[in-house]
Amino acid sequence: MSERIIIFDTSLRDGEQALQASLSVKEKLQIALALERMNIDIMEVGFPISSPGDFNSVREISKVIKNTTICSLARCVDQDIDVAADAMSVLKDFRIHIFLGTSTLHISSKLKKSFDEIISMAVRSIKRAQRYTNDIEFSCEDAGRTPIDNLCKIVECAITAGATTINIPDTVGYTLPNQFGKIIKLLYQKVPNIDKAVISVHCHDDLGMAVGNSISAILFGARQIEGTMNGIGERAGNAALEEIIMAINLKKKELNVHTNIKTNEIYRTSKIISQICNMPISANKAIVGSNAFAHSSGIHQDGILKNRENYEIISPQVIGLKEVQLNLTSRSGRAAVKHRMKVMGYKENEYDINKLYTSFLKLADKKGQVFDYDLEALAFINNQEETPEFFQLEHFNIQSSSTGLAKASVTMICGKKILTKSSKTSNGPVNAIYKAINKISGYSMLLQKFQLLAKGKGKDALGQVDIIVEYKNRKFHGIGLATDIIESSAKAMIYVLNNIWRSNQVTLRLNKLS
Ligand code: KIV
Ligand code: ZN
């Protein structure tokens, strides 16, 4: 009988730790909700001991997510385990994920311990985690390079101590699929109590083998797969979950396994994560790349027209990709907007129709025709801009020419005040508006990256600006979308200001508590 593969997503932990700018609680919540909609079985949402911000976001996510098991990471350190449990304490059931290096290299040069000491640390920590939960995952970090007899020994001791999931990470993405599959096979042959735990794998993509290694592990008995959406993660990233899920979906019979994932949420979740994390997806990325279902050559187009199966192994609808339609203008009513959102798979409680319709009308006035992808982008931005935001753009004025310096005047709502500032001597309009905005906020920030992308097609595309800003040694990501690229730039900066403002509020709150 087909067995279920448990899908464990670590986009908000392994994925997030590799981003240029850390995510705000609100951004993490949006990702967590998308993962929950996709029916992910377990989501690892942070490493609470690592920072007050991480602790707070694990706590907030734990309050909201109902249908996916929440998991937090901890080293084999009592305080890590206690803090991880505390962050998830609003939940009745949660998972603590403890990890410890087991390879000879990690033990000798990183941990400076003997292998026996490593076993004692693992056992002690598993027992400590049992004070809080029975759902305990133990990871043998760098298992891919751990001598097999040592690996078998520590896995046996961890299961005896009470670990219910044993994770075998290929931490540095060093193994080949046959080698990695053999590790799982040997564990099943040599560890006497192996049937008392779920065997999980967690593969990194340094040699581009993460997905192949994960599938090979399934063939030898692994029943939990860890990875991230779009493969985001440390260095070359983690195994891309959308690829693993679709491989399982397509090869159900050969692999004799299945997942509970709602595959028609894959495309939307992938887009949300790419956008929030500021990690663009390459056009030729399997499953979710913009070319993944595009057919370019004449021969292929002809074949597709005759029968899609000639060149398509997956129907785009299976991952939730709908054909882009154009049919909305400023004369379209609320019902038409609702209908398009429904066709794209959005439920009414996932967006605010009043806000969406207002921004739709503004856009329709500027652009004429509004496409499905525009509506999706507006819904996304509206969710980001959920009121009440402390900083809001009221209006701006720009003067710019090829012969003189640019000038900007900006009016913003800042809490209960309305402030206007101007800048007169800038080398371009974006620089001018940023100087004026920064005069209003008073934050001392450094713009590190500015990126402009066309969202949509042709001359009617919206301009999306993504920026990275450094403030007090932390990096913040900002995103802005509008038909006018100066407005997008201003919105991206204001997005950052609100994230800084919120993170300052969290710090103030935590300082008061301590
Ligand atoms: O790659 C790795 O080994 C990890 C562990 C913490 C599971 O991310
Ligand atoms: Zn990892």
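Residues numbered from 1 in each chain as written. Chains lettered and ligands numbered in written order. Predicted model: local features only at pLDDT ≥ 70, side-chain atom pairs only at ≥ 80, totals over all residues. Heavy atoms only, no water.

Colleague: Can you tell me about the overall build of the protein chain, naming the residues and giving the values?
Modeller: Scanning the protein chain from N- to C-terminus turns up 18 helices and 18 strands. Across the 514 residues in the protein chain, those meeting the buried criterion constitute 53%. Considering only residue pairs separated by 6 or more positions, the protein chain has 65% of its internal contacts joining residues 24 or more positions apart. Roughly 23500 Å² of accessible area belongs to the protein chain as shown, and the carbon and sulfur atoms make up 52% of that amount. One way to put it: in the protein chain the 64 positive side-chain charges average out to a point 5 Å from where the 53 negative ones average out. (Helix = DSSP H or I, 4+ residues; strand = E, 2+ residues; numbered from the N terminus. Buried < 20%, exposed > 50% of the residue type's maximum accessible area, 1.4 Å probe, protein only. Contact = heavy atoms within 4.5 Å. Areas by Shrake-Rupley, 256 points an atom, 1.4 Å probe, with all protein chains shown as cover. Lys, Arg positive; Asp, Glu negative; His and termini not counted. Charge placed at Lys NZ, Arg CZ, Asp CG, Glu CD.)

Colleague: Requested: an account of the site of ligand 1, with residues and values cited.
Modeller: Around ligand 1, the structure places R13, D14, H97, F99, S139, E141, N167, P169, T171, H202 and H204. D14 has a polar side-chain atom sitting 3.0 Å from an oxygen atom of ligand 1. With the chains in place, 94% of the 260 Å² that ligand 1 exposes on its own is no longer accessible. Going through the elements one at a time, α1 (11-15), β5 (95-101), β6 (136-141) and β7 (165-170) are the ones with two or more residues in the shell around ligand 1. By residue class, the composition of the shell around ligand 1 is two nonpolar, six polar and three charged. (Near = heavy atom within 4 Å. Polar contact = N/O pair within 3.5 Å; in protein donor to acceptor, adjacent residues only side chain to side chain. Nonpolar A, V, L, I, M, F, W, Y, C, P; charged D, E, K, R; others polar.)

Colleague: Tell me about the coordination of the zinc ion (ligand 2), and please be specific about residues and values.
Modeller: The zinc ion (ligand 2) binds to the protein through D14 (OD), H202 (NE2) and H204 (NE2); the donor distances cover 2.0 to 2.2 Å. Here the donor residues of the zinc ion (ligand 2) are spaced in sequence according to D-x187-H-x1-H. Of this pair, D14 sits in helix α1 while H202 is found in strand β8 (residues 198-203), placing the two residues 188 residues apart along the sequence. (Donors = N, O, S within 2.8 Å, 3.2 Å for Na, K, Ca; no water.)

Colleague: Outline the sheet that holds strand β18 (residues 474-482), listing residues and values.
Modeller: Spatially, β16-β17-β18 is the arrangement adopted by the three strands of the open sheet, whose pairing is antiparallel. Either end of the sheet is taken by a strand with one partner, and the two such strands are β16 (446-455) and β18. Each adjacent strand pair in this sheet contributes to an overall mean axis angle of 15°, direction not counted. As paired elements, β16 and strand β17 (residues 462-471) share nine bridges and run antiparallel to each other. Residue pairing for β17: L452 is matched across the bridge by V465. (Pairing = 2+ DSSP bridges. Axes fitted to C-alpha atoms, helices over the stretch in contact; angles between N-to-C directions.)

Colleague: Run through the packing of aromatic side chains, naming residues and quoting values.
Modeller: Taken as a whole and judged by the stated rule, the model has seven aromatic pairs. On the basis of an interplanar angle of 70° and a centroid distance of 6.2 Å, the ring pair of F47 and F99 is categorised as edge-to-face. Taken together, the residues F47 in the loop between β3 (42-46) and α3 (52-64) and F99 in strand β5 connect sequence positions 52 residues apart. A single burial state applies to F47 and to F99, both of which are buried. Aromatic side chains F391 and Y443 sit 5.9 Å apart centroid to centroid with 80° between the ring planes, which places their arrangement in the edge-to-face category. (Phe/Tyr/Trp six-rings, centres within 6.5 Å; stacked < 30°, edge-to-face > 60°.)

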